Amino acid sequence: MTKPFYLSPILNSPYLAPTRHHALSEDGQPMEHPPIEGRRRSKYVTPVPRARKVKGKGDRQQQDFGFERAADGQAYNPTPIINEIRGYLETWRSLPNPNDWGVTPTTQRLLQHWRHHDFQSARPFFCQVEAVETVVWLTEVARGRRQYAHIFRHLEEANAGANPELFRLALKLATGAGKTTVMAMLIAWQAINAARQPNSSLFSKGFLLIAPGITIKDRLRVLNPADSENYYQTRELVPPELMTDLGKAKIVITNYHAFQRREKLETNKTGRAVLSGWRNEELITKETEGEMLQRACGELLSLKNIVVINDEAHHCYRERPPTEEELALKGDEKEEAEKNNQAARLWISGIEALKRKVGVRAVYDLSATPFFLRGSGYEEGTLFPWVVSDFSLVDAIECGIVKLPRVPVSDNAVNAETPVFRNLWDYIGKEMPKKGKGKAGELDPLQLPPRLQTALYALYAHYEKEYEAWERAGIGVPPVFIVVCNNTASSNLVYEWISGWDREVEGQRQNIHRGHLKLFSNFDQYGNPLPRMNTLLIDSQQVDSGEALDENFRKIAAAEIELFRKEKAAREGAAEADKISDSDLLREVMNTVGRKGRLGERIRCVVSVSMLTEGWDANTVTHILGVRAFGTQLLCEQVIGRGLRRQSYELNPETGLFETEYADILGIPFDFATEPQDVVRKPPKPVTRVFAVRERERLSIRFPRVAGYRTELPDDLISATFSADSRLELTPELVGPCTARLEGLVGEGHDISPDALDDMRPNTVAVHLTKKLVETYFRDPDQPPPYHLYNQIQPITRRWIRDCLVMKGGTKAGMLTYAELADIAAGLIYKAIVHEAGASGEPVVKAMLDPYNPYGNTSHVSFITTKTNLWATAADKSHVNYVVCDSDWEGEFARVVEGHPSTLAYVKNQALGFEVPYRDGSTNRKYLPDFIVLLDDGKGPDDPLQLIVEIKGFKDLNAQIKAETMRALWVPGVNNLKTFGRWAFAEFRDAFAIQEEWANLTDGFVSRNHAEKVPA
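Residues numbered from 1 in each chain as written. Predicted model: local features only at pLDDT ≥ 70, side-chain atom pairs only at ≥ 80, totals over all residues. Heavy atoms only, no water.

**Section: the packing of helix 4 (residues 126-142) against helix 6 (residues 179-196)**
Keep this limit in mind: In this analysis an axis means a line fitted to C-alpha atoms, helices contributing only their contacting stretch, and an angle means the value between N-to-C directions, from 0 to 180 degrees. In this text, helices come from DSSP runs of H or I with a minimum length of four residues, and strands from runs of E with a minimum of two, each type numbered from the N-terminal end. By convention, the crossing between two helices is left-handed when the near helix turns anticlockwise from the far helix through less than a right angle, and right-handed when the turn is clockwise. By definition, residues are in contact when any of their heavy atoms lie within 4.5 Å. Residue polarity follows a fixed list, in which Ala, Val, Leu, Ile, Met, Phe, Trp, Tyr, Cys and Pro are nonpolar, Asp, Glu, Lys and Arg are charged, and the others, Gly among them, are polar.
Where helix 4 contacts helix 6, the axes come no closer than 9 Å and their chain directions differ by 35°. Between helix 4 and helix 6 lies a crossing whose hand is right-handed. Contacts between helix 4 and helix 6 involve Gln128, Val129, Ala131, Val132, Val135, Val136, Thr139 and Glu140 from the former and Thr181, Val182, Met185, Leu186, Trp189 and Asn193 from the latter. Residues that form the contact of helix 4 with helix 6 fall into these classes: nine nonpolar, four polar and one charged.

Below you can see the structure in the form of C-alpha cells.
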C-alpha cells in the first residue's frame, strides 16, 4: 500500500501557515499514517530514511546530529526556543487591530502589505514572512518585556560561546524557499523605519551584505534599490510610497574574501631584502585593518551602527580548538576542514573589525543549513544555537516550495550491503584518481570504474525520458543533469566520458570519442565540436572565488572557454567578449543555465568540481549524481539543494496547492521520497517586465498620496442632496435570513422571522443614526459631541430613511441599529452632506497628504508579471510599456483611450502606489482605482483634467462606498489643495459601451468648459 506521503506529499499552501504534516518515525521514515493536523514542531534529527535493502549492520548511515550526546555542552539545542517563539508569533499575528501589534506605523504598513497585498507576480511565501516577523517581533515587541527575558538570555549565552563580540540572529529556510526575498524584506523594514525615525536605537540605514562567493554577490545585486531588477519593485515588496525612504539606505554587497588584507607592495625576495636595508627592518606591505575596511565596506564607514546580513551564514563562526575526531582527519577531508576553518575565521574577523570601527547594530544570518562545519571545533552538523526561526526541508516539501528528492533504496546487487547507487563512493572511491595525479589528456576515460559507468547510464536513461517529456510540454529549455565530483582529475575524467574527448596525435587534434551519452555530447557525428556545447565542466570553488583560474583547470577547460567566448562575441560583439576574464565567462555560463536567451540556455549537463553548494539557483535541475564522499547529512542536504528549486510556481486552481516536482538522485546517501510517482510537466508561464519607459518621460503622471481628509462644515446650515450612490439596500445576504422554517420529525412546522424589529419605528431609527452621525463625523478631537447640531441633522436622516433605504426579503428598518449597518448608513449620509456643502463653491474638504511622501509618479513603476493578457501601450500615450489586464474590459478601455484625440496620457494603477483611503463602516481601508487618464478637456495640454477611472461590472455596496468617497471627499479634497491640478472621477459599467460612453464623457467636459468661457 502506498504511504500517504508518496500519494500526496504536498499538504499545505505555500502562502499560509502549515496546518497538517506527515507522520515520520523517530529516524525520519514516512509512516503508514494519515496526515496529522497541526504544524510540525521544529526538531532535529533531520529525517534520513534508511534503505530497504540492509544486510545486518552494514547500512552505513550518515552521522546524525545527536544534540544530547555531546559531553562538553557544545551541542546546544535551540529548538525549544524556536517552538516557543512560533507560539508567540501565532498569537501576535492573529491580533486584528494593527495598533495592538506594538510596532511602529511603518512596520504596520509593511506587515499588512506583505500579508495581504494583491501581488501581481511572486507573492511572498508564508515561511518568508514568518522569518521576517520573527526578527520584527524580537526587535520591536519582545525586547525589554520581562516575560520574554529568558529568550534574550538564551540568545546572549548562545552568542557568547561562538560570537563573543557580536549578537546574531539566524533564520533557517530550506533551499529554494527564497532567502534573497527575506533579505530584501529585512532591509526594507530596517531602512524605512530608520529614515522615518532617525533617532531610534533599533534601526539602521546602513547594510553590509556578505556572501560566500562572487556568484552570490552577483545575484544579490537585486537588493540594491537602484538596480533595475530590484526585488522591492519587481516583486512589489515595498509599497511605492515608501520607496523614497528606502532609497536613503546605503547598501554594500561583498564576499567574505574582501576581508583578506591584501599586499600593497608586490615584490620578490631580492626586492624585499633591498627595501629592508642593512638593518633588515621588517617591511609592512599589507593593508591595515582600516584600509581593508575602506576597500571592502566603502561608504558604510561614514555611518554608525550598521546592519550585517550573512548569506549562507554556515560559513561564518569563531572556531574552537579541534576535536579528537577532527585531529584524526586525513587527506581530502582534512584539507576541506582546514578550508572551512580558514573561511569562517576570515569572515567573522571582518565583521568584528567593522564593529570596532563603526559599530554593528544587528547581524542576521540566513542559511538553509546553519550548522557548524567540519573544522569548527564543534560537532559537525550542530545547529547554530542562535537560530530563532526554522522552516526545514520537510516543511518546504509539504508546502510544495521545493522539489521532492528521490534516491535508490533497493537493487539487485546480490553481495552489496546497501543499494550501490546510494553510497556509490564506497564502491568506487579507491578506483578514482587522487588529487594532483591527473592532468588533462593523461587519463583514459574508458577506465572509469564499471559501477560509475553503470550509474551514469542508468540515471541518463531516466533523463532521456524527462528530456522528451519537457520537449512535448514545450517548456523551451532542457532539464539539467549535474555531476558533483571531488577533484579536477575526477571531474575531467567523467566530463570526457560523458561528452567526448580529443587528443593530439602527430601534432593534430583528433577526436577519439564522441561521448557515451548522446544528448550530452559536445561533438557531432563526424567528431567536430558542436557550435553550442551541451555539457559544461566547471570548478565552482575557483570560479566563485573571483580569483584567476588555476592553470591546470584553465588547460582542461580551454575548449569550453573559447567556445563560450565566441558565442558571447556573436551575441554581444567581440569587444564585450574580450572585456571579461575566463572565470567571469564561465561564471556567466553557470549562472545562466536554463535561462532563455543567455549563454547557459542550452546546457544539459554540468560536471562540477567541489559541490556547487552555494550560489547556483537554476530551477531546471532534475538529476544529480554524486561522485565523492559524503560523511554527513549536512553535505548531502547542501548538494541536493542544487536540484530542489521548483521549475513552476503555478498553483493548481482546484486544490490551491503546488503540483509535486521531483529531483532524482544517485550517489548521495540522502533519502526522503523513494516510491516512483508520475509527474505532470507544465511549461512555466512567460514572464514580462512592466516598467516606465525612460524615453517616454514626457508622459509621466504625478498624483497625490492622500492619508486622510479634513472637513469644515458650516454650523449654521447643514443640508444634503442624495444620489443613487446614497442608497442602501438591505437584503438577507447583508443581514442574514429573515425567514426560517422549523419542522420536527412529526407534527406541524412553523416559520420564524425577526418580527421583534417591527416595533422599532423609522423615527426611532433616525434618532439612533443621527446620534451616530453627530458623535462620529461632527465631533472635534478631544471635544464633547456637538449635540446642538442634532435638530439640523435629524430631518436629513429621516429623509434618507424615507428616500434611500430599500428593504427586501423581509428586512426591517430596525436593522440599521446594528453597529456595522449604522456605520455604513451614517457614512453614506455624511458624504451626501459634504457633497452638498461643497457645491456652494466654498472649500469644505481638504485632503491630508502623507507627510513623508506627499506625491508619487509613474517613473517608479517596475514589476514582473506572469499574466498573458497584456496591452502594449502606444509610445505617445503611456509612460508605462504595458497595461496588465485583469479583464478584457481593461484592454478595451486602453484601446478606446489611446484612440481618442483628447487623451494626453494614461496609466493603469498597478504597482503605482496610488491608493484612496476610505471608511467601510467602522473599518479604515485602501481603495485602488483602475486608471488615471490625462485629458485635454478644452483648457489645453498645459492644464489637463486628471480623470480617475473605475471599470466595474457589478457594483456592490463596497464599490458604492468607494465611489461616494471619491466624489464627496477625495476629488474635492485634492482639488481644494490647488497644487495637483484638476481631478475628476468616472465609472464605466458596460463593456460594450465603453467607446460611446468615453466619447460622451469627454464631450461633456469640453462643453462644460466652453460654457464657462462664454459670458452670460
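**A closer look at unusual backbone geometry**
Basically, it comes down to this: Burial here depends on accessible area, computed with a 1.4 Å probe over protein chains only, as a share of the maximum for the residue type. Under 20% is buried, over 50% is exposed, and the range in between is partly exposed.
Positive phi values are uncommon outside glycine, yet Glu236 reaches one of about 55°. Locating Glu236 in the fold gives a position in the loop between helix 8 (231-234) and helix 9 (243-246). Glu236 sits in the buried class, given a relative accessible area of 5%. Within the chain, Ala911 stands out as a residue other than glycine whose phi angle is a positive 55°. As for its placement among the helices and strands, Ala911 is situated in the loop between strand 29 (903-908) and strand 30 (916-920).

**Considerations on the nonpolar core**
Applied cut-off: Only buried residues count toward a nonpolar core. Its members are Ala, Val, Leu, Ile, Met, Phe, Trp, Tyr and Cys residues joined through side-chain atoms within 4.5 Å.
Trp114, Trp137 and Tyr232 are the most contacted members of the largest nonpolar core, which has 113 residues in total. Here this core takes 11 residues from helix 6, the largest share from any one element. Beyond its immediate stretch of four places on either side in the chain, Tyr232 contacts Ala184, Ile187, Ala188, Val222, Leu223, Asn224, Pro225, Leu237, Val238, Met243, Leu246 and Ile251. Grouped together as the second largest cluster of nonpolar side chains are 71 residues, Phe703, Ala822, Val834 and Ala847 included.

**Regarding the confidence of the model for the chain**
Selection criterion: Per-residue confidence from the predictor is reported as pLDDT, which spans 0 to 100.
For the chain, the mean per-residue pLDDT works out to 82, and 83% of the residues sit at or above 70. A low-confidence stretch, residues 45-54 (pLDDT under 50), is modelled with 53 contacts involving residues beyond four sequence positions or located in other chains. Below a pLDDT of 50 lies the segment residues 671-677, which in the model reaches 37 contacts outside its immediate sequence neighbourhood of four places, other chains included.

**Examining the packing of aromatic side chains**
Operational definition: Centres within 6.5 Å are what make two rings of Phe, Tyr or Trp a pair, Trp counting through its six-membered ring; a difference in plane orientation under 30 degrees is then read as stacked, over 60 as edge-to-face, and the rest as tilted. Charge-over-ring placement is defined geometrically: NZ (Lys) or CZ (Arg) within 6 Å of the ring centre, and within 35 degrees of the ring normal.
In the structure shown here, the tally under the stated rule is 32 aromatic pairs. Aromatic pair Tyr88 and Trp137: ring centres 5.5 Å apart, planes at 20°, arrangement stacked. Of this pair, Tyr88 sits in helix 2 (residues 79-93) while Trp137 is found in helix 4, placing the two residues 49 residues apart along the sequence. Seen in terms of ring centroids, Phe372 and Trp386 are 6.1 Å apart; in terms of plane orientation they differ by 85°. Their pairing is edge-to-face. Note that Phe372 is positioned in the loop between strand 7 (360-367) and strand 8 (387-391) and Trp386 in the loop between strand 7 and strand 8, a separation of 14 residues in sequence. The buried category is assigned to Phe372, whose relative accessible area is 1%. On the basis of relative accessible area, Trp386 is assigned to the buried category, the value being 0%. Grouping aromatic residues by their ring pairs yields a cluster made of Tyr460, Tyr463, Tyr467, Phe481 and Phe520. Lying over the aromatic face of Tyr231, Arg235 brings its terminal NZ or CZ to 4.1 Å of the ring centre.

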